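Descriptive structure summary
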Amino acid sequence: MSTRWTVTLDCAQPARLAEFWALALGYVPKPPPAGFGSWEEWFAHHGVPEEEWDDGAYLSDPDGVGPTLSFLKVPEPKVAKNRVHLDVQAGGGRETPWEVRWPRVTEAVACLTAAGATVVREHDMDGRPDHVEMADPEGNEFCVV
């Protein structure tokens, strides 16, 4: 039996970063827990001060397969390279022929750049482009493969 898990990103603007990652991954806002009509209702029930209600954002895989994502507001800025990063497999993975995969990768890079990401660098393998290292709007590194 596996254990359910969540990827959590510390950030300055949870709602903005969640919006970016929803686009990048095809995720949707996570619905409030069962028995609650909204996250605000859940926060109030659990005594979360109203001034903290915007301190987090939550996404889920609409197919219920992938992990949930949490975005939590922290006071300090990002200062070093991530030790863990996501690989966005927009091209279909390396088992997809390069001629099919690479145009998908470049299309995803253009879309994510328009949404606020930046290209860090393009990586080659066997003499041709393989994947693109990027940073999300708050500087968290990820790759588009």
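Throughout what follows, the structure given in this document is the object of discussion. (Residues numbered from 1 in each chain as written. Predicted model: local features only at pLDDT ≥ 70, side-chain atom pairs only at ≥ 80, totals over all residues. Heavy atoms only, no water.)

Below, the discussion takes up the overall build of the protein. The number of helices and strands found in the protein is three helices and eight strands. Helices and strands in the protein line up, N terminus first, as β-α-β-α-β-β-β-α-β-β-β. Structurally, the protein occupies a C-alpha span of about 55 × 35 × 30 Å along its principal axes. Taking all 145 residues of the protein together, the buried fraction comes to 35%. A separation threshold of at least 6 residues defines the contact pool for the protein, and within that pool the share at least 24 residues apart is 60%. Here the protein displays about 9,200 Å² of accessible surface, and carbon together with sulfur accounts for 53% of that area. (Helix = DSSP H or I, 4+ residues; strand = E, 2+ residues; numbered from the N terminus. Buried < 20%, exposed > 50% of the residue type's maximum accessible area, 1.4 Å probe, protein only. Contact = heavy atoms within 4.5 Å. Areas by Shrake-Rupley, 256 points an atom, 1.4 Å probe, with all protein chains shown as cover.)

Across all of its chains, the model carries nine aromatic pairs by this definition. For the pair W39 and W42, a centre-to-centre distance of 5.8 Å together with 75 degrees between the ring planes defines the contact as edge-to-face. Taken together, the positions of W39 and W42, both in helix α2 (residues 39–45) and three residues apart, correspond to about one turn of that helix. Under the relative-accessibility criterion, W39 is labelled buried at 19%. (Phe/Tyr/Trp six-rings, centres within 6.5 Å; stacked < 30°, edge-to-face > 60°.)

Here we come to unusual backbone geometry. Positive phi, close to 55 degrees, is recorded for D126, a residue that is not glycine. In this structure, D126 sits in the loop between β6 (118–125) and β7 (128–135).

Looking now at the sheet that holds strand β5 (residues 86–88). Strands sit in the order β5-β8-β7-β6 across an open sheet of four strands; the sheet is mixed. Because the sheet does not close on itself, it has two edges, and the strands there are β5 and β6. With direction set aside, neighbouring strand axes in the sheet form an average angle of 30 degrees. Seen against the sheet, helix α1 (residues 14–25) touches β5 and β8 (141–144) and runs at an angle of roughly 50 degrees to β5. Against the sheet, helix α3 (residues 98–114) contacts β6, β7 and β8, and its axis sits at roughly 20 degrees relative to β7. (Pairing = 2+ DSSP bridges. Axes fitted to C-alpha atoms, helices over the stretch in contact; angles between N-to-C directions.)

Now for the pairing of β6. Of the pairings in the sheet, the one linking β6 to β7 comprises seven bridges and is antiparallel in character. Residue pairing in the sheet places M125 in a bridge with R128 of β7. Where β6 hands over to β7, the hairpin turn is made up of two residues, of which D126 adopts a positive phi near 55 degrees.

Our focus in this paragraph is the state of the cysteines. Two cysteines whose sulfur atoms are joined by a covalent bond form what is called a disulfide. Within this structure, the stated rule accounts for zero disulfides. Its sulfur unpaired, C11 is 20 Å from the next cysteine sulfur, which belongs to C111. When its relative accessible area of 2% is taken as the criterion, C11 is described as buried. (Disulfide = S-S within 2.5 Å.)

Turning next to α1. Between its terminal C-alpha atoms α1 stretches 16 Å, which fits the 16 Å expected from 12 residues at 1.5 Å a residue. Taken residue by residue, α1 has P14, L17, A18, F20, W21, A22 and A24 as its buried positions. Contact partners of the buried residues in α1: β1 (6–11), β3 (56–60), β4 (68–73), β5, α3 and β8. At the exit of α1 stands G26, carrying a positive phi of roughly 75 degrees. (Expected span 1.5 Å × (residues − 1).)

Everything listed here is a matter of coordinates, which is why it stays silent on function.
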